[in-house]
Protein chains: 2
Amino acid sequence: MPSEGATHPFSCSVLAVGTELLLGQVVDTNSSFIGERLALAGIDSHLQARVGDNLDRIAAALRLLLSTSDAVIVCGGLGPTQDDITREAIAEVLGTGLVRDLAMEERIGAMFTRRGRQMAANNLRQADRPEGASFIVQELGTAPGLVCPIGVDQVVYAVPGVPAEAREMIERAVVADLQRRAGPRSVIVSRMVRTWGAPESTLSELIADRVDRQTNPTIAFLASGLEGIKVRLTAKAGDMATATALLDAEEALLREILGPLVFGVDDESMEKAVGDLLASQGLLLGVAESLTGGLVGSRLAEVPGSSEWFQGSIVAYDSQVKFDLLDVPEGPVVSASAASAMATGARRVLRADVGLGITGVAGPTTQDDQPVGTVFTAVDLDGEVEVRELHLPGGRQLVRQLAAISLVDQLRRRLLDRA
Amino acid sequence: MPSEGATHPFSCSVLAVGTELLLGQVVDTNSSFIGERLALAGIDSHLQARVGDNLDRIAAALRLLLSTSDAVIVCGGLGPTQDDITREAIAEVLGTGLVRDLAMEERIGAMFTRRGRQMAANNLRQADRPEGASFIVQELGTAPGLVCPIGVDQVVYAVPGVPAEAREMIERAVVADLQRRAGPRSVIVSRMVRTWGAPESTLSELIADRVDRQTNPTIAFLASGLEGIKVRLTAKAGDMATATALLDAEEALLREILGPLVFGVDDESMEKAVGDLLASQGLLLGVAESLTGGLVGSRLAEVPGSSEWFQGSIVAYDSQVKFDLLDVPEGPVVSASAASAMATGARRVLRADVGLGITGVAGPTTQDDQPVGTVFTAVDLDGEVEVRELHLPGGRQLVRQLAAISLVDQLRRRLLDRA
């Protein structure tokens, strides 16, 4: 938790607006994101609240948070419709009215024109701002954000509820403004060392010695489901360079202990790790998928620059397609031999150096007498096909996701051994 | 949003305790669950808050919520360790002390014995309760919950933060006690009518008449990014059958007004809608993808039973693969003619009745002189290829996702016209 500076306990709370959040129809991921971002920026955040789309209740909650915080970030209720009333609630708390901003009106109109869409008149409500407030210009959606100073010491920010839009504005505009207001702070920086292939208890035993000695950076585990288990390092220092050096040193130690269990840090995905290995070894990749339906290819194509090493994928969902396009021998298609033939077929058909094959049973029913969760994965590289048989837990979606990641990890380890 | 009964505006708020929630290391799913459960039980819930593991701040937040609510459910901070201080905070707000409960001490000790585990002494802290409070006996974990009456009119419940334990206690003990306290209540049920293809402002104008007349069900919009825009209907009635009938009637009216903009309700995805149309028309589908890298196929394969109508997908990420496998004419591959050839190629190669083709620029850089966001989609059906040119906003991931959904929607509309 961010420690408080002795001289300046500047703090920022978060208010998420939306009846759908209270009713549990949407999980409030924005507040979590903002909390994490504030912690990284060294800004204390002690309270978060959620309230429905009701003018009086939004205003009351905002007053409440302002009574204990220097800044409040309000998330949601900035859209064009009648139930988007965050602007009105902020104006009420500020004791001012709303003014229509002509430049913003033009900007919103131009966004619709550029996208070739008719603009409903109510979109112009988004050009309203409380008197004295300024806009955070919108880059993704049509709603701008707001910066609303209260006197010289306090401020209310408003950002849209759509997560991508909220995050973009927080990153671009809100965090920097908060840091300026909070004054010099000690820097708190975290780094996630990302692992795949061992449960939390095993990781914990492997690095028990490091955990026992932890002071700065601190070390914590974060089970992240499909993203593997993350080991979070958090360092505190007077400046960023010192904090980063502390993290670098600890990361190097952990990598030495954990070896290939570590596939990256922070936002580095498993697919990026594989892409880097393929690119550095000058290899082209082709994939043949069945139960994953295109998920393996889709995840690989998420990596920017993937066209350098990703040729494509044959999604042979139907058995006949496997036989015809990939030369899989007729017979059970949930089998080691089918996976192997798929990998080799992908390599040949897609003119690649490495071929991946994956087939299995995602459910809801069994197939080829194999129970749900049975998956065969294959890597064809340097004239050698390696096949693995997996028994994965969970329902249809989880099996497909785990299968895709396991296959990419299998390739990663082959490429590491080869390097 | 649940409307308030005129005679008895009983309301319950939620306080989630845990520094990990504020720091965004754990997403607070308990509050969402509780909010949904309260809505179903007809209990109004207007405010939710989150606070870290700090005695003064928990107590302050609890006082705050009690100033506006009849009941508060506190979630988290009931475990055995030193940072579990919800019991102490409640006692402070109640102005009482904690008492150690001997029967509960025995129960906790017996749980450890039964599981063959040594009990650390601090586990007995879980046998403490504020004076005047009673326990909610624990069925799953080692921490009991608490029911803490304040005078005759108010109450604080405490449940553990572990989601499974929290849910079990809420379902078993808390909801029923709340309903007893709130007196006879009505049922509140929601339904999401899901749309794609028109912005929120247009939808809002189309159904302005229904929104103006809304009383029961109420109507609200929910922009859900990649899941389209949802229109939420919320009905209140004396029993479930009456509430459902109200929702059915409003849904029918909205479908009549919005036509093909509506693709489903609640959990029904766009891909499920397309799969149902394909199955009912006896058509097999084949896909050829470029920028989406397998995403279209992967989304289609998410639908249980998709093997009945989904043949597969050729992910031709590399241009040469497009030329070789799909007979795309050599030349610019980000073009209407390439998309059209891909759709036809997919239909032929995958032995399908319908072919989809999609090519475009996801970024980060331009391709074939086309800017990022330019996408061509094609549907080959009944001997007619329909090509669309899109200009999508956002970065690499958003462009890919929007492109995939737009293509599936294009197919949906073709199939609807055909039916």
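Residues numbered from 1 in each chain as written. Chains lettered and ligands numbered in written order. Predicted model: local features only at pLDDT ≥ 70, side-chain atom pairs only at ≥ 80, totals over all residues.

Draft legend 1. Fine view of the overall build of chain A. When helices and strands are counted, chain A shows 14 helices and 17 strands. When the backbone C-alpha atoms are referred to their principal axes, chain A occupies close to 75 × 60 × 40 Å. Buried residues in chain A amount to 50% of all 419 residues. Across chain A, every contact between residues at least 6 apart in sequence was considered, and the portion connecting residues at least 24 apart equals 65%. (Helix = DSSP H or I, 4+ residues; strand = E, 2+ residues; numbered from the N terminus. Buried ≥ 20, exposed ≤ 12 C-beta atoms within 10 Å, placed from the backbone. Contact = placed C-beta atoms within 7 Å.)

Draft legend 2. Local environment of the interface of chain A and chain B. Across the boundary between the two partners, chain A contributes 70 residues, which contact 70 residues of chain B. In terms of residue count, strand E14 (residues 310–316) of chain A provides more of the side of chain A that touches chain B than any other element does, 7 residues in total. Across the side of chain A that touches chain B, the residue classes tally to 31 nonpolar, 26 polar and 13 charged. Alignment of strand E2 (residues 47–51) of chain A against strand E2 (residues 47–51) of chain B, held across 5 bridges, turns out to be antiparallel. Along E2 of chain B, the bridge assignment pairs Arg50 of chain A with Gln48 of chain B. (Nonpolar A, V, L, I, M, F, W, Y, C, P; charged D, E, K, R; others polar. Pairing = 2+ DSSP bridges.)

Draft legend 3. Representation of the environment of Arg351 of chain B. Residue placement: Arg351 of chain B occurs in the loop between helix H13 (336–349) and strand E15 (354–360). A sequence separation of 40 residues divides Arg351 of chain B from Gln311 of chain B, and the C-alpha atoms of the two residues are 7.7 Å apart. Residues contacting Arg351 of chain B, with those up to four places away along its chain left out, are Gln320 of chain A together with Gln311 of chain B.

Draft legend 4. Looking closely at the domain arrangement of chain A. On domain assignment, one finds that chain A holds domain 1 (12–182), domain 2 (187–265) and domain 3 (270–418). Each of domain 1 of chain A and domain 2 of chain A was reduced to a C-alpha centroid, and the two centroids are 34 Å apart. (Domains from an automatic or database assignment.)

Draft legend 5. Region of the structure containing the sheet that holds strand E9 (residues 187–195) of chain B. Residue and element names in this part refer to chain B. Strand order in the open sheet formed by 4 strands is E10-E11-E9-E12, and the pairing between neighbours is antiparallel. For this open sheet the edge positions go to strand E10 (218–223) and strand E12 (262–265), each flanked by a neighbour on one side alone. Taking the axes of each pair of neighbouring strands and ignoring which way they run, one obtains an average angle of 25° across the sheet. (Axes fitted to C-alpha atoms, helices over the stretch in contact; angles between N-to-C directions.)

Draft legend 6. Summary view of the sheet that holds strand E17 (residues 384–391) of chain A. Spatial ordering of the open sheet is given by E17(A)-E16(A)-E15(A)-E13(A)-E14(A)-E14(B)-E13(B)-E15(B)-E16(B)-E17(B), a layout of 10 strands whose pairing is mixed. Looking at strand neighbours, the two that pair on one side only are E17 of chain A together with strand E17 (384–391) of chain B, the edges of this open sheet. Here the strands of the sheet are splayed against their neighbours by 10° on average, with no regard to which way each runs. In this structure, strand E13 (residues 285–289) of chain A lies alongside strand E15 (residues 354–360) of chain A, joined through 5 bridges in parallel fashion. Bridged to Ala288 of chain A within E15 of chain A is Gly357 of chain A. The strands touched by helix H14 (residues 396–418) of chain A within the sheet are E15, strand E16 (374–381) and E17 of chain A, with E16 of chain A carrying the most contacts at an inclination of about 30°. Across the sheet, helix H14 (residues 396–418) of chain B lies against E15, strand E16 (374–381) and E17 of chain B, angled at about 30° from E16 of chain B, the strand it touches most.

Draft legend 7. Focus on helix H2 (residues 29–40) of chain A. Compared with an ideal rise of 1.5 Å per residue, which puts 12 residues at 16 Å, H2 of chain A spans 17 Å between its outermost C-alpha atoms and is within 8% of the ideal. Those residues of H2 of chain A lying buried are Asn30, Ser31, Ser32, Ile34, Gly35, Arg37, Leu38 and Ala39 of chain A. Structurally, H2 of chain A contributes buried residues whose contacts are with strand E1 (12–17), E2, strand E3 (71–75), helix H6 (163–182) and strand E9 (187–195) of chain A together with helix H1 (19–22) of chain B. Trailing H2 of chain A by a residue or two, Gly42 of chain A shows a phi angle of about 75°, which is positive. (Expected span 1.5 Å × (residues − 1).)

Draft legend 8. Molecular detail of H6 of chain A. Residue and element names in this part refer to chain A. Along H6, the largest kink reaches about 50° and is centred on Ile170. Taken residue by residue, H6 has Glu165, Ala166, Glu168, Met169, Ile170, Val174, Leu178 and Ala182 as its buried positions. Taken together, the buried residues of H6 touch E1, H2, E3, strand E6 (134–136), strand E7 (145–150) and strand E8 (154–159). Positive backbone phi, at 80°, marks Gly183, one or two positions downstream of H6. (Bend = angle between axes of the 7 residues up to and from the residue.)

Draft legend 9. Representation of the pairing of strand E11 (residues 229–237) of chain B within the structure. Residue and element names in this part refer to chain B. The element E11 is extensively covered by neighbouring structure, given that 7 of its 9 residues are classed as buried. Of the strand pairs in this sheet, E9 and E11 are connected by 9 bridges, and their pairing is antiparallel. Residue pairing for E11: Val193 is matched across the bridge by Val231. In this structure, E10 lies alongside E11, joined through 6 bridges in antiparallel fashion. Bridging from a neighbouring strand, Ile219 pairs with Leu233 of E11.

Draft legend 10. Representation of the packing of H2 of chain A against H6 of chain A within the structure. All names here are of chain A. Close contact between H2 and H6 brings their axes to 10 Å; oriented N to C, the two are set at 25°. Taken as axis vectors, H2 and H6 run roughly parallel relative to one another. The two elements H2 and H6 cross, and the hand of that crossing is right-handed. Residues Thr29, Asn30, Phe33, Ile34 and Arg37 of H2 touch H6, and the partners they reach there are Pro163, Ala166, Arg167, Ile170 and Val175. Of the residues that constitute the contact of H2 with H6, the class distribution is 6 nonpolar, 2 polar and 2 charged. (Parallel < 35°, antiparallel > 145°, perpendicular 65-115°, else oblique. Left-handed = near helix turned anticlockwise from the far one by under 90°.)

Draft legend 11. A look at the environment of Gly357 of chain A. Residues and elements named next belong to chain A. Examined against the element boundaries, Gly357 turns out to sit in strand E15. Here the alpha-carbon distance between Gly357 and Ala336, two residues 21 residues apart in the chain, equals 9.8 Å. Once residues within four sequence positions are removed from consideration, Gly357 is found in contact with Ala288, Ala339, Ser340, Met342, Ala343, Ala346 and Ala378.

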